[in-house]
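What follows is each chain in one-letter form.
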Amino acid sequence: MFYNLKNIALILLVSITMSGCSMSPMYGENSGSSAVMKNIDIVQVRNREHQIIRNELLKYIDGNTSSTKKTLELDFNVDVSRSGLIFTSTGEAQRMQIDVEVTYGIFRITEFRELIYSDKVRVINTYTLSKSEYNNAQADISTFNLISKEIASNINRQISLNYLNLVE
């Protein structure tokens, strides 16, 4: 009985000691990537779809759009395609698929604009079509907003995983 109590106490002591180690998280404010994220400027909008994705990215990449000089710039292109799915016997689609592919690059801004990292993100989502054009338009907007949030999250994750390539 005494040995079991001694083993439990030893296990608790080791567990408490190990939990206090100095490991830092890979994501979040305490990670090394947050300094890189705050140093990235996102290029201005080209169209509505680009603007929606840019707004979602600003939530991750220090939404502060102040005029402070940033040494990195994120530029991206958005390719959106919509196609019908599950057709009825009359040839009308019952569902709509939105396929969004974003190709992006991070550039170091010095005398020149040097590409230091590039990648692409692709997200596909669907929604059900109804007889109402208004409902279809709202479903399209909501679905694209969900896709934009996922794209921004994926780009943020990829930048966080590769932040060592982005520091000077």
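The structure reproduced in this document is the subject of the present report. (Residues numbered from 1 in each chain as written. Predicted model: local features only at pLDDT ≥ 70, side-chain atom pairs only at ≥ 80, totals over all residues. Heavy atoms only, no water.)

### Examining the nonpolar core
Among the nonpolar cores identified, the biggest contains 29 residues, and L57 and I151 are the most heavily contacted of them. When contributions to this core are tallied by element, the ones reaching two or more residues are β1 (40-42), α3 (48-60), β2 (72-87), β3 (93-109), β4 (113-128) and α4 (133-161). Apart from the residues within four sequence positions on either side, I151 is in contact with I53, V100, V102, V121 and V123. (Core = buried A, V, L, I, M, F, W, Y, C linked by side-chain atoms within 4.5 Å. Buried < 20%, exposed > 50% of the residue type's maximum accessible area, 1.4 Å probe, protein only. Helix = DSSP H or I, 4+ residues; strand = E, 2+ residues; numbered from the N terminus. Contact = heavy atoms within 4.5 Å.)

### Some details on the pattern of salt bridges
Where charged atoms from two side chains of opposite charge approach closely, those side chains can pair. This model, assessed by the stated rule, comprises seven salt bridges. A salt bridge links E49 to R82; the nearest nitrogen and oxygen atoms lie 3.6 Å apart. In this pair, E49 sits in helix α3 while R82 sits in strand β2, placing the two residues 33 residues apart along the sequence. With a relative accessible area of 39%, R82 lands in the partly exposed category. With its nearest N and O atoms 2.7 Å apart, the salt bridge here joins R113 to E73. Of the two residues, R113 is situated in strand β4 and E73 in strand β2; the sequence distance between them amounts to 40 residues. In this structure E73 comes out as buried when scored by relative accessible area, which is 18%. (Salt bridge = Lys/Arg side-chain N within 4 Å of Asp/Glu carboxyl O.)

### With respect to the packing of aromatic side chains
Centre-to-centre distance and the angle between the planes together describe a pair of aromatic rings. If you walk through the whole model with that rule in mind, you get one aromatic pair. On the numbers, 6.2 Å between centres and 50° between planes, the contact of Y104 with Y117 is tilted. Residue Y104 is located in strand β3, and its partner Y117 is located in strand β4; the two are separated by 13 residues in the primary sequence. On the basis of relative accessible area, Y117 is assigned to the buried category, the value being 12%. A cation sits over an aromatic face here: R113 above F107, 3.8 Å from the ring centre. (Phe/Tyr/Trp six-rings, centres within 6.5 Å; stacked < 30°, edge-to-face > 60°. Lys NZ or Arg CZ within 6 Å of the ring centre and 35° of its normal.)

Any link to function would need more than the numbers given here.
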